[in-house]
Amino acid sequence: MANDLGSLLRAWRDRCSPADVGLSGHGRRRAQGLRREELAGLAGVSVDYLVRLEQGRSRRPSQPVVAALARALHLDEAENALLHQAAGLPVPTGRVVPVHIPPGVQRLVTRMTDYPVAVYAADWSLITWNTMWSALYGDPAGSPPADRNVIRATFCAAPNWANIHGPDEEIDRALVADLRQAVTTYPQDEALRALVAEVCAASPRFRRLWQSGAAGRHVSSRKTVRHRLVGELELDCDVLSVTGSDLRITVYTAAAGSAAAERLDFLRVGAVHTVGP
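Everything quoted here is computed from the prediction, not taken from an experiment.

Draft legend 1. Broad picture of the overall build of the chain. Scanning the chain from N- to C-terminus turns up 12 helices and five strands. Across the 277 residues of the chain, 47% fall into the buried class. Of the roughly 13,900 Å² of accessible surface on the chain, a fraction of 51% belongs to carbon and sulfur atoms.

Right under this line is the structure:
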């Protein structure tokens, strides 16, 4: 029986440049592409499981695993659809909030090594992040997926990866407006409707804004993040939109020579991204 899934994974792994995914290409390599252990680490699966997928001993990975592999391999939309088909999964459609990240956005996140960068879906669920984001917030991979949603973290006091001073009415209104737009765009997404119902029930503040039809937009803002190693960092936060997609890129920066910039430099040079805040 043909092993299309394994063949595709091996072919895409072989063509993927280590530099594009933020890995060093130095040292002796038998191939120009990714090693199995590198792809496994990027996708958050075990090397043994990846071997079984490539060898055809496992043929039905879950949707989250397939999505993670597609992101790690920098697949485009057509390739992402092909991977889902080979895994026996429904091809993503426009009926639910998409989590696919275009290769160009993946490279942008990987290569922006000076500042914390993360990518969110239309429902403000965290999809991917760079090492500086982990250095600042702690590795989000250690948190349950439900706790990686900004709406839930903002209005339900869910555990998240930073301590940010106080609620901000303007930001809250923008988040609620984003979620309302997502519900309009993806009316058949049951998980999205469930998120709205959950947060409405748990947060009077969210319920008030939702029922009032609050409108808002994201503007540059200043956030104070408390980190247990370097203390407080006052950072500029910008939310960027991806043309032709409902993805949002969040970037934290600091003015050159500022105390926050020096503390970010410490996090970067000290390679403490494996240590939570």
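Draft legend 2. Quick look at helix α10 (residues 190-202). A rise of 1.5 Å per residue sets the reference length of α10, with its 13 residues, at 18 Å; its end C-alpha atoms lie 18 Å apart and thus fit the reference within 8%. Those residues of α10 not exposed but buried are L192, L195, V196, V199 and C200. Viewed end-on, α10 has its buried residues packed into an arc of 125°, placing them on one side of the element. Turned more than 90 degrees away from the buried face of α10 sit E190, A191 and A201, all of them exposed. Buried residues in α10 make contact with α8 (150-155), α9 (169-185) and α11 (204-211). Among the residues of α10, the N-terminal cap falls to D189, whose side-chain oxygen and the backbone nitrogen of A191 are separated by 3.1 Å.

Draft legend 3. Representation of the sheet that holds strand β5 (residues 248-253). Strand order in the open sheet formed by five strands is β2-β1-β5-β4-β3, and the pairing between neighbours is antiparallel. Two strands close off the open sheet at either side, each with one partner strand: β2 (126-129) and β3 (221-227). Direction aside, neighbouring strands of the sheet carry axes that sit 30° apart on average. Note that strand β4 (residues 231-241) and β5 share six bridges and pair antiparallel. Among the inter-strand pairings, S241 is bridged to a residue of β5, identified as R248. Relative to the sheet, helix α6 (residues 103-111) contacts β1 (117-120), β2 and β5, its axis offset from that of β1 by approximately 150°.

Draft legend 4. Representation of the packing of helix α4 (residues 63-72) against helix α5 (residues 77-86) within the structure. Axis separation between α4 and α5 bottoms out at 10 Å; the angle between their running directions is 145°. Seen along the crossing, α4 lies across α5 with a hand that is right-handed. Mapping the contact onto sequence places Q63, V66, L69 and A70 in α4 and N80, L83 and H84 in α5. Of the residues assigned to the contact of α4 with α5, the class counts are four nonpolar, three polar and no charged.

Draft legend 5. Quick peek at the confidence of the model for the chain. Of the residues in the chain, 90% reach a pLDDT of 70 or more, and the chain-wide mean stands at 85. Looking at the elements of the chain, mean pLDDT is at its lowest for β3, recorded as 85, and at its highest for α10, recorded as 95. Note on residues 159-166: pLDDT is under 50 here. Beyond four places in sequence and across chains, it has 24 contacts. Contacts of residues 271-277 to residues separated by more than four positions or lying in other chains number 21 contacts, the stretch itself having pLDDT below 50.

Draft legend 6. Quick peek at the nonpolar core. In this structure, W133, L136, I151, L179, F206 and L235 are the most contacted members of the largest nonpolar core, which totals 51 residues. Residue contacts for I151: discarding those within four places in its chain leaves D123, W124, C156, L175, L179, V199 and F206.

Draft legend 7. Broad picture of the environment of L34. Locating L34 in the fold gives a position in the loop between α1 (4-15) and α2 (36-43). For the pair L34 and R13, spaced 21 residues apart in sequence, the C-alpha to C-alpha distance is 5.4 Å.

Draft legend 8. How the structure looks around α2. When we look at burial in α2, the residues that qualify are E38, L39, A40 and A43. Of the surrounding secondary structure, the elements contacted by the buried residues of α2 are α1, α3 (47-55) and α4. At the exit of α2 stands G44, carrying a positive phi of roughly 75°.

Thresholds applied
- Residues numbered from 1 in each chain as written.
- Predicted model: local features only at pLDDT ≥ 70, side-chain atom pairs only at ≥ 80, totals over all residues.
- Heavy atoms only, no water.
- Helix = DSSP H or I, 4+ residues; strand = E, 2+ residues; numbered from the N terminus.
- Buried < 20%, exposed > 50% of the residue type's maximum accessible area, 1.4 Å probe, protein only.
- Areas by Shrake-Rupley, 256 points an atom, 1.4 Å probe, with all protein chains shown as cover.
- Expected span 1.5 Å × (residues − 1).
- Arc of directions from axis to C-beta.
- Contact = heavy atoms within 4.5 Å.
- Polar contact = N/O pair within 3.5 Å; in protein donor to acceptor, adjacent residues only side chain to side chain.
- Pairing = 2+ DSSP bridges.
- Axes fitted to C-alpha atoms, helices over the stretch in contact; angles between N-to-C directions.
- Left-handed = near helix turned anticlockwise from the far one by under 90°.
- Nonpolar A, V, L, I, M, F, W, Y, C, P; charged D, E, K, R; others polar.
- pLDDT = per-residue confidence, 0-100.
- Core = buried A, V, L, I, M, F, W, Y, C linked by side-chain atoms within 4.5 Å.

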